[in-house]
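# Working through the structure, step by step
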Amino acid sequence: MLAKTIAFSAVLLLGTYNISTPYSISIKNESPNAVKITMVYAGGSAICPNAELEIKSGETRSVESGACCTSYVSIYGLEGTVKNKTFTYQPPVTGFGIACRGFSFVIKQTADGALVGTTI
């Protein structure tokens, strides 16, 4: 019984460690167009307000998440053939369908004109 309690406590501690420590997200825009990125965090906007940033073609930017877990990333085209179109990138998840760790991804434009995010 004691061994199960210790094991359960260790799992809880390790599981909350990732959530309670800040991590960085790196985004590289390899598409030919500027985009606006919205990092949508789990937990509601009062606890974890969404982060927004514009990224020019060829630019790499980073955002610090604090202790917030990413639900998804919205990619909004600001110019060219993707202007005013929204695309979604699903980051690698760590549990419960959310990403509670740092990650990097690159934005590319497909042959059919869509913007896609690819984890690197």
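Everything that follows concerns the structure shown earlier in this document.
Below: a short report on this structure. What you see is a predicted model; the values in this text were computed from it and never measured.

Definitions and limits used
- Residues numbered from 1 in each chain as written.
- Predicted model: local features only at pLDDT ≥ 70, side-chain atom pairs only at ≥ 80, totals over all residues.
- Heavy atoms only, no water.
- Pairing = 2+ DSSP bridges.
- Helix = DSSP H or I, 4+ residues; strand = E, 2+ residues; numbered from the N terminus.
- Axes fitted to C-alpha atoms, helices over the stretch in contact; angles between N-to-C directions.
- Contact = heavy atoms within 4.5 Å.
- Polar contact = N/O pair within 3.5 Å; in protein donor to acceptor, adjacent residues only side chain to side chain.
- Disulfide = S-S within 2.5 Å.
- Core = buried A, V, L, I, M, F, W, Y, C linked by side-chain atoms within 4.5 Å.
- Buried < 20%, exposed > 50% of the residue type's maximum accessible area, 1.4 Å probe, protein only.

### Side note on the sheet that holds strand β2 (residues 35–41)
Strand order in the open sheet formed by four strands is β3-β2-β5-β6, with antiparallel pairing between adjacent strands. Each edge of the open sheet carries a strand with a single partner, namely β3 (51–55) and β6 (86–89). Taken over all neighbouring pairs, the strand axes of this sheet differ in orientation by 25° on average, direction set aside. Looking at chain direction, β2 and strand β5 (residues 70–77) are connected through seven bridges and run antiparallel. Opposite V40, over in β5, you have Y72 as the bridge partner.

### As for the environment of S71
Relative to the elements of secondary structure, S71 occurs in strand β5. Put simply, S71 and V93 are 22 residues apart on the chain and 8.5 Å apart in space, counted from C-alpha to C-alpha. Those residues within four positions of S71 in sequence are excluded, and the remaining contacts are V40, Y41, A42, Q90, P91, G97 and I98. Polar side-chain contacts of S71 include one of 3.4 Å to the backbone nitrogen of A42.

### A closer look at the state of the cysteines
Applying the stated criterion across every chain yields a total of two disulfides. One disulfide in the model links C48 with C68; its S-S distance is 2.1 Å. Across the S-S bond linking C48 and C68, the dihedral sits near -90°, which makes this disulfide left-handed. Placement of C48 in the loop between β2 and β3 and of C68 in the loop between β4 (60–64) and β5 is noted, with a sequence separation of 20 residues between them. The disulfide bridge from C69 ends at C100, spanning 2.0 Å between sulfur atoms. With the S-S bond torsion at 115°, the cross-link from C69 to C100 turns out right-handed. On the criterion of sequence distance, the pair formed by C69 in the loop between β4 and β5 and C100 in the loop between β6 and β7 (103–109) is long-range, its members being 31 residues apart. Disulfides within the chain link the bonded cysteines, taken in sequence order, as 1-2, 3-4.

### Some words on the nonpolar core
Grouped together as the largest cluster of nonpolar side chains are 26 residues, with contacts concentrated most on I37, M39 and I75. Among the elements that line this core, the one with the most residues is β2, at four residues. If sequence neighbours within four positions are ignored, I75 has contacts with V35, K36, I37, K85, T86, F87, Y89, I107, L115 and G117.

### Quick look at the sheet that holds β7
Pairing is mixed across the open sheet formed by four strands, whose spatial order is β4-β1-β7-β8. Looking at strand neighbours, the two that pair on one side only are β4 and β8 (115–119), the edges of this open sheet. If you compare each strand with its neighbour and ignore which way they point, the axes differ by 25° on average. Note: β7 against β8, five bridges, orientation antiparallel. When the bridges of β8 are listed, K108 appears paired with V116.

Honestly, that's just the spatial picture; any functional story needs more than this.
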